[in-house]
Amino acid sequence: MTDSLPFRITRDGAVAHLRLSRPEASNALDMRFWRGLGPALKDLDAGGDVRALVLSGEGRNFCAGMDISVFSDGAILGTDTAAERQAFHQAARDLQDALSVLERVRFPVIAAVQGACVGAGLDMIAACDLRLAAEGAYFRIEEINIGMMADVGSLQRLPRLLPEGVVRELAYLGTSLTSDRAERLGFVNAVLPDADSVLAAALEMAHGIAAKAPLAISGSKAAITYARDHTVADGLEWAAVMQGSIWNTADILGAIQARATKGTPAFADLSPLPRP
């Protein structure tokens, strides 16, 4: 499925692993990535049997951001006429939508970061549920350093993940956020000694999530994302409706019985989604 794409997807039971596979380019994101990510994620979600996804990058750096080849596309750069500006707007929306799928899939996504995570790479992990980083990893809103405003998600999601003053510092100065500072500020969940440790920890976390009831996990992800963008009152009402939709007595009784007997509960997968 992904032979011609700049990433590889593997499976270990209910855990999927999407690995950016252009280490020679520090995993810069070319148009193959932008066109292929959404369909690949939707395909994983459609089966209902993926319960967690780890997102990592091969090589020294997690992701160097947007590949320079993307900027050679006339629809991206041309803004001289009304028609070109409309095309530019649509192209930007398409890039945004590709990363937003990370939020919309029913399973949690865990980013495992080493080295540089800048520009569109930061946009990408800001859309993930959890983030782990290696010592020496760093994060940067690179766009401001090349004369442009970030427009694919960092300026919208980071203010919900970091103090506003820190986001403004990154957005205005183009400076780097170190992994240690990112952990202190709560942006990353943990800092590990090296890339191998980060990936191992992310996979362990993913398998831990996969052992939980999939309906409860997917509902929790959806509730947290909804609450982020709405008032507390709206979020509570939405959660009540969602709970009524996904309440599964079999899952609850199975989890309680497994706890009492010190066993391992068995939960059914999510239902498959219709494929286009």
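(A) Broad picture of the pattern of salt bridges. Summed over all chains, the structure comprises 15 salt bridges. R181 is paired through a salt bridge with E169; the nearest N and O atoms lie 3.2 Å apart. Taken together, the positions of R181 in helix α7 (residues 179–184) and E169 in helix α6 (residues 164–173) put the pair 12 residues apart, joining distant regions of the chain. One salt-bridge network, held together by shared partners, links E103, R157, R160, R228 and D229.

(B) Local environment of the sheet that holds strand β8 (residues 176–178). The mixed open sheet is built from three strands, whose spatial order is β5-β7-β8. Of all strands in the sheet, those with a lone pairing partner are β5 (116–118) and β8, marking the two edges. The sheet shows a mean angle of 25° between the axes of neighbouring strands, direction not considered. The sheet contact formed by strand β7 (residues 138–140) and β8 spans three bridges and is antiparallel. Counted as the bridge partner of R140 is S176 from β8.

(C) Molecular detail of empty space enclosed by the protein. Within the structure shown, the criterion is met by two cavities of 30 Å³ or more. Looking at the largest cavity, its volume works out to about 40 Å³. The residue makeup of the lining of the largest cavity, split by class, is six nonpolar, one polar and two charged. Here the second largest cavity defines a volume of roughly 30 Å³.

(D) Region of interest: helix α8 (residues 195–210). In this model, α8 (16 residues) spans 22 Å end to end at C-alpha, consistent with the 22 Å of a helix rising 1.5 Å per residue. Regarding α8, the residues found buried are V198, L199, A201, A202, A206, I209 and A210. Those residues of α8 that are buried are in contact with β2 (15–20), β3 (52–57), β4 (109–113), β6 (130–134), β9 (190–192) and α9 (214–228). Where α8 begins, the capping side chain belongs to D194, and its oxygen is found 3.3 Å from the backbone nitrogen of D196.

(E) Focus on the packing of aromatic side chains. Counted according to the given criterion, the structure contains four aromatic pairs. Arranged with centres 6.1 Å apart and planes meeting at 85°, the rings of F7 and F33 form a pair that is edge-to-face. In this pair, F7 is assigned in strand β1 (residues 7–12) and F33 in helix α1 (residues 31–46), connecting sequence segments 26 residues apart. Per residue, the accessibility class of F7 equals that of F33, and both read buried. A centroid spacing of 5.2 Å and a plane angle of 85° characterise the contact between F33 and W34, whose relative ring orientation is edge-to-face. In this pair, the class of F33 matches that of W34, namely buried. An aromatic cluster is present here, built from F7, F33 and W34 joined pairwise through their rings.

(F) Spatial organisation of the pairing of β4. Of all five residues in β4, five are buried; the element is thus mostly enclosed. Inspection of the sheet shows β4 paired to β6 by four bridges, in the parallel sense. From the neighbouring strand, I110 faces β6, where its bridge partner is L130.

(G) A look at the packing of α9 against helix α10 (residues 232–246). Contact geometry of α9 with α10 gives a least axis separation of 10 Å together with a crossing angle of 160°. On the basis of the axis angle, α9 is roughly antiparallel to α10. Considering only the axes of α9 and α10, their crossing is right-handed. Note on element contacts: α10 touches α9 through D234, G235, W238, M242 and I246, opposite L215, G219, A222, A223 and Y226.

Conventions adopted
- Residues numbered from 1 in each chain as written.
- Predicted model: local features only at pLDDT ≥ 70, side-chain atom pairs only at ≥ 80, totals over all residues.
- Heavy atoms only, no water.
- Salt bridge = Lys/Arg side-chain N within 4 Å of Asp/Glu carboxyl O.
- Helix = DSSP H or I, 4+ residues; strand = E, 2+ residues; numbered from the N terminus.
- Pairing = 2+ DSSP bridges.
- Axes fitted to C-alpha atoms, helices over the stretch in contact; angles between N-to-C directions.
- 1 Å grid on protein atoms, 1.4 Å probe; cavity = no way out; pocket = protein on both sides within 12 Å on 5 of 7 lines; lining within 4 Å.
- Points joined across faces, edges and corners; volume = space filled by probe spheres on them.
- Nonpolar A, V, L, I, M, F, W, Y, C, P; charged D, E, K, R; others polar.
- Expected span 1.5 Å × (residues − 1).
- Buried < 20%, exposed > 50% of the residue type's maximum accessible area, 1.4 Å probe, protein only.
- Contact = heavy atoms within 4.5 Å.
- Polar contact = N/O pair within 3.5 Å; in protein donor to acceptor, adjacent residues only side chain to side chain.
- Phe/Tyr/Trp six-rings, centres within 6.5 Å; stacked < 30°, edge-to-face > 60°.
- Parallel < 35°, antiparallel > 145°, perpendicular 65-115°, else oblique.
- Left-handed = near helix turned anticlockwise from the far one by under 90°.

The values are spatial; any link to function lies outside them.
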